[in-house]
Amino acid sequence: MANTELLNVTVLDEVVVLTLNRPQALNALNKQLITDLHGFFTQALESYNCSGVILTGSGAKAFAAGADIKEFVTMTPEEMQALSALGHELMFAMENSPVPIVAAIEGYALGGGFELALACHLRVGSSKARLGNPEVNLGIIPGYGATQRLPQLVGRGRSLDIMLTARMIEATEALDWGLLNRVVAPGETVETAQKIIKEISSKGPTAVAKVIEMVADFYNKNSDGFEKEIETFGALSAHKEFKEGTQAFIANRKAQFKN
Ligand code: DAK
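Within any chain, residue numbers begin from 1 and follow the written order of that chain's sequence. In keeping with the predicted nature of the model, local features appear solely for residues at pLDDT of at least 70, side-chain atom pairs appear and are counted solely at 80 or more, and the whole-chain, interface and lining totals rest on all residues. Calculation of side-chain values draws on the structure's entire complement of heavy atoms; hydrogens and water are dropped beforehand.

With that out of the way, let us pick up the packing of aromatic side chains. Centres within 6.5 Å make a pair out of two Phe, Tyr or Trp rings, where for Trp the six-membered ring is used; the pair is then stacked when the planes are under 30 degrees apart, edge-to-face when over 60, and tilted otherwise. For the coordinates displayed, the defined rule picks out three aromatic pairs. On the numbers, 5.5 Å between centres and 45° between planes, the contact of Phe40 with Tyr48 is tilted. A relative accessible area of 0% means that Phe40 is categorised as buried. To sort residues, take the accessible area from a 1.4 Å probe on protein chains only and compare it with the maximum for the residue type: under 20% means buried, over 50% means exposed, and anything in between is partly exposed. Judged by relative accessible area, Tyr48 falls into the partly exposed class, the value being 25%. With a centroid separation of 4.8 Å and 90° between ring planes, the pair formed by Phe218 and Tyr219 is classed as edge-to-face. Assessed through its relative accessible area of 65%, Phe218 is described here as exposed. A residue is classified by how much of its surface remains accessible, and Tyr219, at 37% relative accessible area, is partly exposed.

Okay, structure coming up:
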């Protein structure tokens, strides 16, 4: 899938940069944008053969200021449920992507926009980033997974603080809480995300994909993660990337994982 009207797709040095493109509505996530993101992460991503994805918002003011309030008030309960299912599928596809996805957050990441960032593997925020789940202000609860992913990231007390008070968390507090992995100057989030992905791309790609898979598995109530780690560890030790990584160490050279 190439660009759509609302989702800009570019490739920069083997990294896909996805830009939410509704700056006039602070990149609020309407049905079309969720559908485009779903199409990208469930179908198109595979064909890019990239080392990672950066997800960002257009304009300096917002990553995404939530689900599109003006649109969702017009939807029937059936349409809301169908959109919820699509959104959940999207977030799971992101969480389970074999290549790292890094959110580059300039300005607001609220409600559904925050949930989209929570489904990314890492988050880089500008010092002007403001994060939060203000859904209770509208008489609803988060609908794209924050009730589950937020406690996974910051625990019960901080999640309840964020979701019950609906307050916006500033970048320094978000960094302290582990909501953001890095805080940088405004305008530098994409470049920083690019550097992070570049660094990860020098590692064994299969090991990277397996780390993502195994950490996601920690939250799978039906799976024994320790057992899976033993199996995966064994399988990887027969992999050519393990051979290359260890031989490179012994020969005192940099490992070359790519052909
Ligand atoms: N939806 C639609 N339009 C939005 C928007 C949003 N979430 N956020 C901002 N905009 C629009 C504004 O209406 C305004 O449009 P015009 O009036 O110019 O036409 C434009 O973007 C610029 O916004 P402001 O003029 O308000 O800008 P300010 O700098 O004054 O304020 C702000 C920035 C971020 C503090 C403010 O815009 C704001 O409070 N925005 C709303 C934040 C919010 O409550 N977000 C929604 C949380 S609830 C679902 C799944 C999930 C969800 C829903 C359904 N289903 C599965 C169906 C999730 C719900 C949420 O995300």
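Next comes the rest of the write-up.
Now for the site of the ligand. Residues are labelled near a given molecule or strand when at least one of their non-hydrogen atoms is within 4 Å of it. Lining the immediate surroundings of the ligand are 26 residues, of which Lys61, Ala65, Ala67, Lys70 and Gly112 lie closest. In this structure, an oxygen atom belonging to the ligand sits 2.6 Å away from a side-chain N or O atom of Lys61. Ala67 is positioned such that a nitrogen or oxygen atom in its backbone is 2.9 Å from an oxygen atom of the ligand. Coverage of the ligand by the protein amounts to 69% of the 1,100 Å² it exposes when considered alone. Each residue receives one of three labels: charged for Asp, Glu, Lys and Arg, nonpolar for Ala, Val, Leu, Ile, Met, Phe, Trp, Tyr, Cys and Pro, and polar for the others, Gly being one of them. Partitioning the shell around the ligand into residue classes produces 16 nonpolar, six polar and four charged. We define a polar contact as two N or O atoms separated by no more than 3.5 Å, with the added condition that, inside protein, one atom must be a possible hydrogen donor and the other a possible acceptor, whereas residues neighbouring each other in sequence contribute only through side-chain atom pairs. Note on areas: Shrake-Rupley with a 1.4 Å probe; residue coverage comes only from the protein chains shown.

Moving on, we get to unusual backbone geometry. Not every positive phi belongs to a glycine, and Glu14 is a case in point at roughly 65°. Assignment of secondary structure puts Glu14 in the loop between strand E1 (7-12) and strand E2 (15-20). For Glu14, a relative accessible area of 44% puts it in the partly exposed group. With phi around 50°, Leu26 is a residue other than glycine that occupies positive phi space. Here a strand is any run of E in DSSP of at least two residues, a helix any run of H or I of at least four, and the numbering for each starts at the N terminus. As for its position among the elements, Leu26 is in the loop between E2 and helix H1 (31-48).

All right, on to the pattern of salt bridges then. Put simply, a salt bridge is a Lys or Arg side-chain nitrogen that is within 4 Å of an Asp or Glu carboxyl oxygen. Inspection of every chain in the model, using the stated rule, returns 10 salt bridges. Of the charged contacts in the structure, one is a salt bridge between Asp161 and Arg167, with a shortest N-O distance of 3.0 Å. Across the pair Asp217 and Lys228 runs a salt bridge whose closest N-O atoms are separated by 3.5 Å. With Asp217 in helix H8 (residues 205-218) and Lys228 in helix H9 (residues 225-236), the pair connects residues that are 11 residues apart, well separated along the chain. By relative accessible area, Asp217 is classed as buried at 6%. Classification of Lys228 by relative accessible area gives partly exposed; the value is 25%. Put simply, Lys210, Glu213, Asp217 and Lys228 are held in one network by salt bridges that share partners.

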